[in-house]
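Fold and geometry: a report
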Amino acid sequence: MDAIEALVTRKSSAKLTTPAPGKEDLKIMMQAAVRAPDHCRLRPWRFIVVEGDAREKLGGIFEEALKARDPDATEAMLQKERGKPLRAPMVIVVIARIEEHPKVPKVEQILSAGAAAQNIMLAAHALGYAGIWRTGKTCFDPKVNAALGASETDQIVGFLYLGTAERMPILPDESVDEYVEIWDG
Ligand SMILES: Cc1cc2nc3c(=O)[nH]c(=O)nc-3n(C[C@H](O)[C@H](O)[C@H](O)COP(=O)(O)O)c2cc1C
């Protein structure tokens, strides 16, 4: 798929099935990720690829974190949380690795990791896969950071659910004019 076509046609799908991106395609997605803009070349990102049974372990982390956040969580809520990573054959956790830097504030490092995440989503789309970028309280939970080997100051910017679309949503045509201003002083 041509780059402009990929950019203007990407959309999310929450209904995902196999196949997930294979080894070669995953490598391309990662190469796209690390082409994200990055002030002072801090490489402020980490990508954790979760597939197969490891998704159940990730679900276990989600469940334990929910239990700690909400001791009143019902069994149904815990089960739902545990099952979340099973909604796609591949989940990529994108983590912003934050460092104190005299020129690059935290927000810029998070933006770089977010740009890397979007590059992954776009590359996946261009390769014929589909996905959805999700966050939620899990992204802001120190217990989840610890379980994934991230420091307390690191920031999970997203769980990228990836696979093949069972079906794609139909989106209305996007009008860009309402967001665009030509400023002439
Ligand atoms: C940082 C970020 C976090 C998001 N978190 C969620 C989420 O937790 N759950 C969800 O359904 N959509 C979430 N979304 C939105 C979807 O990824 C998606 O963009 C949205 O459903 C609109 O679909 P589209 O991408 O086809 O326009 C998030 C998007 C971003 C950029």
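Parameters at a glance
- Residues numbered from 1 in each chain as written.
- Predicted model: local features only at pLDDT ≥ 70, side-chain atom pairs only at ≥ 80, totals over all residues.
- Heavy atoms only, no water.
- Helix = DSSP H or I, 4+ residues; strand = E, 2+ residues; numbered from the N terminus.
- Expected span 1.5 Å × (residues − 1).
- Buried < 20%, exposed > 50% of the residue type's maximum accessible area, 1.4 Å probe, protein only.
- Contact = heavy atoms within 4.5 Å.
- UniProt positions renumbered as here; feature names shortened; annotations may be inferred.
- Axes fitted to C-alpha atoms, helices over the stretch in contact; angles between N-to-C directions.
- Left-handed = near helix turned anticlockwise from the far one by under 90°.
- Nonpolar A, V, L, I, M, F, W, Y, C, P; charged D, E, K, R; others polar.
- Phe/Tyr/Trp six-rings, centres within 6.5 Å; stacked < 30°, edge-to-face > 60°.
- Lys NZ or Arg CZ within 6 Å of the ring centre and 35° of its normal.
- Near = heavy atom within 4 Å.
- Polar contact = N/O pair within 3.5 Å; in protein donor to acceptor, adjacent residues only side chain to side chain.
- Areas by Shrake-Rupley, 256 points an atom, 1.4 Å probe, with all protein chains shown as cover.
- Core = buried A, V, L, I, M, F, W, Y, C linked by side-chain atoms within 4.5 Å.

Here we look at helix α5 (residues 106-126)
- Over its 21 residues, α5 runs 30 Å from end to end, which matches the ideal 30 Å to within 8%, given 1.5 Å per residue.
- Restricting attention to buried positions, one finds in α5 the residues Q109, S112, A113, G114, A116, A117, I120, M121, L122, A123, A124 and H125.
- Those residues of α5 that are buried lie in contact with α1 (3-9), α2 (23-33), β2 (45-51), β3 (90-96), β4 (130-134) and β5 (155-165).
- Two residues or fewer after α5 comes G128, characterised by a positive phi angle close to 100°.

Re the UniProt feature "domain: Nitroreductase" (unreviewed entry) in the protein
- When the UniProt feature table is mapped onto this chain, "domain: Nitroreductase" (unreviewed entry) is found at residues 9-163.
- Its end C-alpha atoms 17 Å apart, residues 9-163 is made of 41% helix and 19% strand.

Remarks on the packing of α2 against α5
- At a minimum axis distance of 7 Å, the contact between α2 and α5 shows a crossing angle of 145°. The way α2 lies across α5 gives a crossing that is right-handed. Residues M29, M30, A32 and A33 of α2 form the contact with α5, whose own contacting residues are A116, N119, I120, A123 and A124.
- Of the residues assigned to the contact of α2 with α5, the class counts are 8 nonpolar, 1 polar and no charged.

Notes on the packing of aromatic side chains
- In total, this model carries 2 aromatic pairs according to the counting rule given.
- Ring geometry for W45 and F47: centres 6.4 Å apart, planes at 25°, overall stacked. For the pair formed by W45 and F47, the shared burial category is buried.
- Centroid distance F62 to F159: 5.1 Å. Interplanar angle 75°. Geometry classified as edge-to-face. One end of the pair, F62, is in helix α3 (residues 54-69); the other, F159, is in strand β5, and 97 residues separate them in sequence.
- Overall, F62 belongs to the buried group, its relative accessible area being 3%.
- According to the relative accessible area criterion, F159 is buried, its value standing at 2%.
- In this arrangement the basic side chain of R134 is found over the ring face of Y161, its NZ or CZ atom lying 5.4 Å from the centre.

Structural notes on unusual backbone geometry
- A cis geometry characterises the amide bond from T18 onward to P19, with omega recorded as 0°.
- The phi dihedral of R43 falls on the positive side, at around 50°, and the residue is not glycine.
- Within the secondary structure, R43 is located in the loop between α2 and β2.
- R43 gets classed as partly exposed once you look at its relative accessible area, which sits at 24%.

Quick notes on the site of the ligand
- Taken together, R10, K11, S12, I132, W133, R134, T135, G136 and L171 are the residues near the ligand.
- One of the backbone N or O atoms of W133 is found 2.7 Å from an oxygen atom in the ligand.
- In the model, an oxygen atom of the ligand is placed 3.5 Å from a nitrogen or oxygen of the R134 side chain.
- Within the complex, the protein chains bury 51% of what would otherwise be the 620 Å² of accessible surface of the ligand.
- Residues that form the shell around the ligand fall into these classes: 3 nonpolar, 3 polar and 3 charged.

Examining the nonpolar core
- In this structure, M29, F47, I92, V94, I120, L160 and L162 are the most contacted members of the largest nonpolar core, which totals 25 residues.
- Of all the elements, α5 adds the most residues to this core, at 7 residues.
- Beyond its immediate chain neighbours, meaning those up to four positions away, L160 contacts M90, V91, I92, V94, A117, I120, M121, I132 and W133.

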